[in-house]
Structure formats: structure tokens, C-alpha cells
Amino acid sequence: MKIQVNEELVRKLEKLALISLDDKERADFTGDLNKILEFFNKIDELNLDGVEPMFHHYWGKA
């Protein structure tokens, strides 16, 4: 599913996050969010048949 990041979506996210962005911040956020989603779309295109999932556990010890 392809998500369309536009001003309407960003304004909804602002309300959900209880933040207020100015026009430049909103434009920057829109661009950054589109880049992130493009990256995930590329991952979705990979053929991962036969690849076993990897699990990492962190138990709070360094």
C-alpha cells in the first residue's frame, strides 16, 4: 500500500502528536517522511523467499 504524504496527512500527524509546525518544518517533515517511506517501499520489493527471520534480544546488559 502506497501512502500519499501531503499537507493534510502532516496536519493530522501534528494533531495526533500534539505539536505545531511552521511552514518550513512542515515542508521538511513531508520530504523526510516521503524519503523514509520510499526506503521501505524498496525493501518491500526484495525477494526474501527462504530467508529466515533474525531476532535480537537485549536484556539490559552491556
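Scroll up a little and you will see the structure.
A short tour of the structure in this document, coming up. The model shown is predicted, which means the values in this text are computed figures rather than measured ones.

Calculation rules
In this convention, every chain numbers its residues from 1, walking through the sequence in written order. Totals for whole chains, interfaces and linings use every residue, but because this is a predicted model, local features are given only for residues with pLDDT of at least 70 and side-chain atom pairs only at 80 or more, for both listing and counting. Side-chain figures throughout are based on the complete set of non-hydrogen atoms in the structure, without hydrogens or water. Helical segments are the DSSP runs of H or I of at least four residues, strand segments are the runs of E of at least two, and each set is numbered from the N terminus. Any residue under 20% of the maximum accessible area for its type is buried, any over 50% is exposed, and the rest in between are partly exposed; the area is computed with a 1.4 Å probe on protein chains only. Each accessible area value is a Shrake-Rupley result obtained with a 1.4 Å probe; residue values ignore everything except the protein chains displayed when judging cover. Side-chain rings of Phe, Tyr and Trp, where Trp is taken by its six-membered ring, are said to pair if the distance between their centres is within 6.5 Å; with planes under 30 degrees apart they count as stacked, over 60 as edge-to-face, and otherwise as tilted. Whether two residues are in contact is decided by their heavy atoms: any pair within 4.5 Å suffices. As defined here, a cavity is a set of points on a 1 Å grid over the protein atoms alone where a 1.4 Å probe fits but cannot get out. A pocket is an open set with protein on both sides within 12 Å along at least five of seven lines, and residues line them when an atom is within 4 Å of a point. Grid points are joined across faces, edges and corners, and a volume is the space filled by probe spheres set on the points. Nonpolar residues are Ala, Val, Leu, Ile, Met, Phe, Trp, Tyr, Cys and Pro. Charged residues are Asp, Glu, Lys and Arg, and all others, Gly as well, are polar. Axis definition: a line fitted to C-alpha atoms, limited for helices to the stretch in contact. Angles are taken between N-to-C directions and run from 0 to 180 degrees. Each angle is binned into one of four classes, with values under 35 degrees roughly parallel, values over 145 roughly antiparallel, values of 65 to 115 roughly perpendicular, and all other values oblique.

1. Remarks on the overall build of the chain
No. 1: A count of helical and extended segments in the chain gives 2 helices and 0 strands.
No. 2: Among the 62 residues that make up the chain, the fraction classed as buried is 11%.
No. 3: Carbon together with sulfur atoms contributes 59% to the accessible area of the chain, which is approximately 6,100 Å² in total.

2. Notes on the packing of aromatic side chains
Between two aromatic rings, the relevant description is the distance of the centres plus the angle of the planes.
No. 1: Under the defined criterion, the tally for this structure stands at 1 aromatic pair.
No. 2: Pairing phenylalanine 39 with phenylalanine 40 gives two aromatic rings, centres 6.0 Å apart and planes at 75°, and the pair type is edge-to-face.

3. A short note on the side chain of threonine 30
No. 1: Structurally, threonine 30 can be placed in helix H2 (residues 23–44).
No. 2: Ignoring anything within four residues of it in the chain, the contact list for threonine 30 reads Val5 and Val10.

4. Observations concerning the layout of surface pockets
To locate leftover empty space, one rolls a probe as large as a water molecule over the atoms.
No. 1: In this structure, the largest pocket occupies an estimated 170 Å³ of space.
No. 2: Around the largest pocket sit 11 residues that line it, and Lys2, Ile3, Leu37, Glu38 and Asn41 are the ones nearest its centre.
No. 3: Taken together, the residues of the lining of the largest pocket sort by class into 5 nonpolar, 3 polar and 3 charged.

5. Quick word on the packing of helix H1 (residues 7–17) against H2
No. 1: At a minimum axis separation of 10 Å, H1 and H2 run at an interaxial angle of 105°. Put simply, H1 runs roughly perpendicular to H2. Counted together, Glu7, Val10, Arg11, Leu13 and Glu14 of H1 and Arg26, Phe29, Thr30 and Leu33 of H2 form the full contact between these two elements.
No. 2: When grouped by side-chain class, the residues that make up the contact of H1 with H2 number 4 nonpolar, 1 polar and 4 charged.

These values are about where atoms sit, not about what they do.
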